[in-house]
Amino acid sequence: LPPATLSTPSPPSITPFGPPAAHNRPTMRAAYDALPASSPAPSKAQRARRWAGPAALLAGAAAALLLVVAAASAFAPIPVLEHAVTFRAGTAPATRFHSPRLHGRAGGLAVQPQPWQRNTQHQGVRWSISPRAMEVESATIEDMITKSKEERLNHLEAQAMEALKFAIENHEHPVFPCAMIAGDMVILDLLNRLGFVSTGKAQVMFVDTFHLFDETITFMKETEKRYGFEGNWFQAEGCADKAEYDDKHGADLWKVNIEEYDRICKVEPFQRGLKTLQCDCMINGRRRDHGFERAFIDVYEGGKMAKINPLAYWTFEDCWDYINKYKIAYHPLHDQGYPSIGDAKDTVPVPKEKWFEYAGERSGRFTGLKNKDGSTKTECGIHVDGAERTFERDLFIEGKVQKVDLDEVEGLKDTILTVYAPWCPFSQNMEEEFIKLADESDLGISVTATRGDERREVARDLGVEAFPTTFLVTGTGERIKYPSEKRTVADWKAFIAENAK
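Residues numbered from 1 in each chain as written. Predicted model: local features only at pLDDT ≥ 70, side-chain atom pairs only at ≥ 80, totals over all residues. Heavy atoms only, no water.

**Student:** When you look at helix α6 (residues 214–227) in this model, what are you seeing that I'm missing?
**Tutor:** Each full turn of the α-helix corresponds to 3.6 residues, which orients residues three or four apart in the same direction. Between its first and last C-alpha atoms α6 spans 20 Å; for 14 residues at 1.5 Å apiece the expected length is 20 Å, and the two agree. Listed as buried for α6 are T216, I217, F219, M220, T223, E224 and Y227. The arc that holds every buried residue of α6, seen down its axis, measures 165°, which confines them to one face. Counted as exposed and oriented over 90 degrees from the buried face of α6: D214 and K225. (Helix = DSSP H or I, 4+ residues; strand = E, 2+ residues; numbered from the N terminus. Expected span 1.5 Å × (residues − 1). Buried < 20%, exposed > 50% of the residue type's maximum accessible area, 1.4 Å probe, protein only. Arc of directions from axis to C-beta.)

Structure (C-alpha cells):
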C-alpha cells in the first residue's frame, strides 16, 4: 500500500541506558489497525500477484545453479559427492564418490584413503576408515601409481635422450666414462638406442684402477660384445697390470696416502684418457640424489669441455625402473647387495631398504676412508673441483713465462724453472705469482716452466718428487731445488739472490 495511507505512530519513549518502553513500541498490528476503515483487506489473488515476481527470480536462480552443478559433474574429472554421510564418534563415513562420466563404465569409484588419512585424531574424536570404503577399489590406486611412474619415466627418458643427442651432434669428440654401475648402464643403453655406441659417435672410456672387483672387468668385456663396441681402457701410467703397479707404487699405497692413490689410479688415467680421446664433451652419470656434493648439478654444464649429465634429475629408483622396463643387463654384484660398485677394497653391500634413500646408492662406497682434513671421503677425486682443469686449459699460457719441453731442461742455464702438473691444485695456485715473477725486470735470468706429469720417469730423473718443483738453474747448468712451499715473488727473488752464481 502507498506509504501515505499509513499513520505515523508517536516515537517511543527511551529511558537512559535502557531499552524502549515496551508499551510504546510500534507494531505491525498497530499500523494495520490505523488503516482507514474504507480500505479493504488484500485478497488472496492480490497477495499471490505480489509474491509472483520474487518467486520467479528465486526459481530461475535455482535452475541455473542446478545446470552449473550438472555440467561440472559431467565434464570435470574431479569426483562429486554422491550422497550425504553421517559422522559419529569412533567411525568414519563409508564415503562413496561418483563421477557421472565414469559411472556407466566403472559403477562409481570409492576413494582409497591415503596413509595419513587413517586413524587420525580431530577435535577429540577418533576417526577411522570403515571396511566398506576399501572394498574393491584399492587396485584403482595401484593403477594410478603405475600410470604416474610410467609417465615420469617417459619424461625422464625423453629429457635424457635429448641431452645425449645434443652432446653427440654438437661436439666433435664426446666421451662417456663408464663405471658399469646401474646409472651408467642406463646411459649406455640410451646411447645404443640412439645409434651412437656401435657407430663410435660416442667413445666409451673405462678406467681400471687395479683394485676393482673381478666381476667388474668381466662384465665390462661382456658389455663390449653385447653392444658391439670396443672400449678405451686406461690405467696407472707405466703399469701394464697389478703386479707392475705393486712393484712401482706398493700394494698398500691406498692405506698410506689415499690422495696419492686417487691421483695415480683414478684421476691421472681419467684425465689422460680424456686428453687422448680429445674429449670436448664428457657424458657422465652424476645425479642430484647421489648426495650433497652433487645436489645442485644440472643436465648441462658449460666450459671448454662441456659436461652432460643426462640423469641429473633421475633417482636411483628411476634407474631401476628403466632397467626393469627394458630388461637390460646390469652388474652381477647388484644382486649380491651392492647398490654401487667401486674398488673392492672399500666397497661393501648395503641393505636393500636403504638403497633408495637420499645418497643411499653411494652409502657403501669409500668405507673407512678419510680425507686429509678428517672428513668422510665421498668422492674419488675425478669429479671434485679442479680435477678436470687440465682439459679446460694448460697453465702459464699468458704472461712472459717461457714454456719448454721436458727434454730441453738439461740444456737450460740462468733460469728459474718450475716443473708442474696442470691438474695439481698447488701448481694452479702458484701460476699467478710465477707469471708476476716473469714480469720483474731486475731478475737477470729467465723464467721457464715445463709440464712433468706426462713423462714422470724423465721428471724423476731430474729430481722431481712432487708437483710443483722449482729449480734455480745457474750459469754452469747446476740445478738448485727451491726448498720452501712459500711460492711468492718475494720469496723466489730472495732464493735467486742467495744462490745466483
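Let's pick the thread back up.
**Student:** Honestly, the nonpolar core in this entry has me stumped. Any pointers?
**Tutor:** Within soluble globular proteins, side chains that are nonpolar generally end up buried alongside one another. Counting 46 residues, the largest nonpolar core has V186, L188, L191, I283 and W314 as the members making the most contacts within it. At eight residues, helix α4 (residues 138–169) tops the list of elements feeding residues into this core. Sequence-distant contacts of L191, that is, excluding residues within four places in its chain, are made with L164, I168, F176, F196, V197, A202 and I283. Among the nonpolar cores identified, the runner-up in size contains 20 residues, and L395, I416, I480 and W492 belong to it. (Core = buried A, V, L, I, M, F, W, Y, C linked by side-chain atoms within 4.5 Å. Contact = heavy atoms within 4.5 Å.)

**Student:** Would you explain the sheet that holds strand β11 (residues 402–403) in this entry?
**Tutor:** Within a beta sheet, neighbouring strands are joined by backbone hydrogen bonds and run either parallel or antiparallel to one another. The sheet built from five strands is open, its strands ordered β11-β13-β12-β14-β15 with mixed pairing. Of all strands in the sheet, those bounded by a partner on one side alone are β11 and β15 (479–481). Sheet topology places strand β12 (residues 415–420) next to strand β14 (residues 469–473); five bridges connect them, and they run antiparallel. Bridge pairing links V419 to T469 in β14. Sitting on the sheet, helix α13 (residues 489–499) is in contact with β12, β14 and β15, with an inclination near 35° to β14. (Pairing = 2+ DSSP bridges. Axes fitted to C-alpha atoms, helices over the stretch in contact; angles between N-to-C directions.)

**Student:** How do you make sense of the packing of aromatic side chains when you look at a structure like this?
**Tutor:** Within a pair of aromatic rings, the relevant descriptors are the distance that separates the centres and the angle that separates the planes. Within the structure shown, the criterion is met by 17 aromatic pairs. Measuring from centroid to centroid gives 6.1 Å for F210 and Y245, while their planes differ by 45°, and the two rings are tilted. Note that F210 is positioned in the loop between β6 (203–207) and α6 and Y245 in helix α7 (residues 242–249), a separation of 35 residues in sequence. Of the residues examined, F210 reaches a relative accessible area of 13% and is grouped as buried. Ring geometry for Y482 versus W492: centroids 6.5 Å apart, planes at 55°, classification tilted. (Phe/Tyr/Trp six-rings, centres within 6.5 Å; stacked < 30°, edge-to-face > 60°.)

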